Amino acid sequence: MKIEAKYDVIIAGGGLSGLSLAWYLAKGNYKGEVLVTDSTFAPTNDKTWCFWTNKEPPFRDIIYKKWKKTWVSVLDYSTFRYLNEYSYYCIRSGDFREYVLRELKKHKNFDLLEDNILDFSSNQSKAVMLTKGGDSYIANYIFQSIMKPKDLDRSQIKYPLIQHFLGWEIKTYEPAFDPETFTIMDFDNNFEPGVGFMYVLPYTQSKALLEFTVFSEDVLKKKKYKKKIKHYLLHELGLDKDHYEIRRKEYGEIPMEDRPHVPYYDKNIINLGSVGGQTKPSTGYTFTRIQDYTQKLAQNLIQGFEPLPPQQSKLKYRYYDLLLLHILSNSTNDSLRVFRSLFKKNNFDDIFRFLGEDTNLRQDLKIMSSVPYIPFFKAIWKNL
């Protein structure tokens, strides 16, 4: 096997997790040789990453929009809510990629390679990346986010849910949005099978991203998402097709499942991002978890230690996720009742703290006691 080049670290995949790791290595003045590989590094805004935090937000220079007020509607309950301790942010993927690549190009020990990755292999001391172009690259460690874990046994997954969505970023010809208020969930109370809702990120009075989102085992045909968005625009906002233009579209499928923890692809090859289990099963949120992990991982490597593999959530949060996944998988009506009580009886700072896995037992009990108990008793019984 001909080796094209040798590196200390290869980052395979130039998405959120791979570029986040590269960023923290570069900003921490990592001295080793690094190769970052992706099929293309073109900075297209095909994804929108949102997150909440009560701290200084990561990548603050490219925050596209910040909100402190939200709207939620489920069953017979609708309300505006203010965020006090937390803020809600969004970053566009193209802005992120351009920002990180600009930094990497300042560092002579970082190389960028545009090629498709064919496979990985490893032995006790090294790992190898084989590209579609026929070249092989060797490294002490490979961090990859593009291939599913080899040891993932899907028969162990009880609730194979997917969060799937299609979004339109539109420009209206007249003011139509409150740019200070995002809609976190406006539920379609009659949608089945699964749980469906509209998610709206208003950037200005005349520009917003609207996504029809579903929690279910199967994705929809594209025309069904589009039909839901058109219906929402017309019946909730009074906008027919002559009142707006579609500037861009985005589509996504995010795993929301009780996936076994598989931190390694192979010896010296560590899984990143969703393939490394960094997507929270009950919400699909990934951004903050990736930042927390890749920052710690980079610091670990900079200090010359063995790389820290992605860690599982605490046992209690994994169990909470499992219960909610059971409800989402088995009853749309119970799911809506749970969301209704959650939003009605708790402020959003407490909800975000709970979903961000930053609570003590007293705070957990407060959240759990606010939702209908029968669906959770059923879930506990099924998951004993």
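All values derive from a computational prediction rather than experimental measurement.

*Asks:* Describe the overall build of the chain, with residues and values.
*Replies:* Helix and strand counts for the chain come out as nine helices and 18 strands. The C-alpha radius of gyration of the chain comes to 22 Å, within 12% of the 21 Å expected for a compact globule of 384 residues. Taken over the C-alpha atoms alone, the chain extends approximately 65 × 55 × 40 Å along its principal axes. Taking as baseline every contact in the chain between residues at least 6 positions apart, the subset at least 24 positions apart corresponds to 75%. By element, 49% of the accessible surface of the chain is carried by carbon and sulfur atoms, the whole surface being about 18400 Å². The centroid of the 55 positive side-chain charges in the chain is displaced by 2 Å from the centroid of its 47 negative side-chain charges.

*Asks:* Residues and numbers for the pattern of salt bridges, please.
*Replies:* Evaluation of the coordinates by the stated rule reveals 21 salt bridges. Linking Glu 103 and Lys 27 is a salt bridge whose minimum nitrogen-to-oxygen distance equals 3.9 Å. Here Glu 103, found in helix α2 (residues 93-104), pairs with Lys 27, found in helix α1 (residues 16-27); they are 76 residues apart in sequence, far enough to count as distant. Glu 103 sits in the buried class, given a relative accessible area of 10%.

*Asks:* Lay out the sheet that holds strand β7 (residues 87-92) in plain terms, naming residues and giving numbers.
*Replies:* With respect to topology, three strands assemble into an open sheet ordered β3-β7-β4, the strand pairing being antiparallel. Strands with a single pairing partner mark the edges of an open sheet, and in this sheet they are β3 (48-53) and β4 (65-67). Geometrically, the sheet is characterised by an average inter-axis angle of 20 degrees between neighbouring strands, direction not taken into account. Two elements, β3 and β7, share six bridges in a ladder whose sense is antiparallel. Looking across to β7, one finds that Thr 53 is bridged to Ser 87. Along the sheet, α2 contacts β3 and β7; its crossing angle with β7, the most-contacted strand, is approximately 70 degrees. Contacts from helix α4 (residues 287-302) reach β3 and β7 within the one sheet, and its direction differs from that of β3 by about 75 degrees.

*Asks:* Account for a nonpolar patch on the surface, with residues named and values stated.
*Replies:* Taken together, the side chains of Tyr 373, Ile 374 and Phe 377 make up a nonpolar region of the molecular surface, amounting to roughly 360 Å² of accessible area. Inspection of the secondary structure assignment puts Tyr 373 in helix α9 (residues 373-382). Exposure remark for Tyr 373: the relative accessible area of 55% places this residue in the exposed category.

*Asks:* An account of unusual backbone geometry is requested, with residue identities and associated values reported.
*Replies:* Geometrically, the link from Glu 192 to Pro 193 is a cis peptide bond, its omega value of -5 degrees lying close to zero. Along the polypeptide, Pro 193 turns up in the loop between β13 (181-187) and β14 (195-204). In the Ramachandran plot, Asn 268 falls in the positive-phi region, its phi being about 70 degrees despite a non-glycine side chain. Structurally, Asn 268 can be placed in the loop between β17 (264-266) and β18 (269-271).

Criteria and cut-off values
Residues numbered from 1 in each chain as written. Predicted model: local features only at pLDDT ≥ 70, side-chain atom pairs only at ≥ 80, totals over all residues. Heavy atoms only, no water. Helix = DSSP H or I, 4+ residues; strand = E, 2+ residues; numbered from the N terminus. Rg over C-alpha atoms; globule rule 2.2 N^0.38 Å. Contact = heavy atoms within 4.5 Å. Areas by Shrake-Rupley, 256 points an atom, 1.4 Å probe, with all protein chains shown as cover. Lys, Arg positive; Asp, Glu negative; His and termini not counted. Charge placed at Lys NZ, Arg CZ, Asp CG, Glu CD. Salt bridge = Lys/Arg side-chain N within 4 Å of Asp/Glu carboxyl O. Buried < 20%, exposed > 50% of the residue type's maximum accessible area, 1.4 Å probe, protein only. Pairing = 2+ DSSP bridges. Axes fitted to C-alpha atoms, helices over the stretch in contact; angles between N-to-C directions. Patch = residues over 30% accessible without salt bridge, like charges linked within 9 Å, V, L, I, M, F, W, Y side chains within 5 Å.

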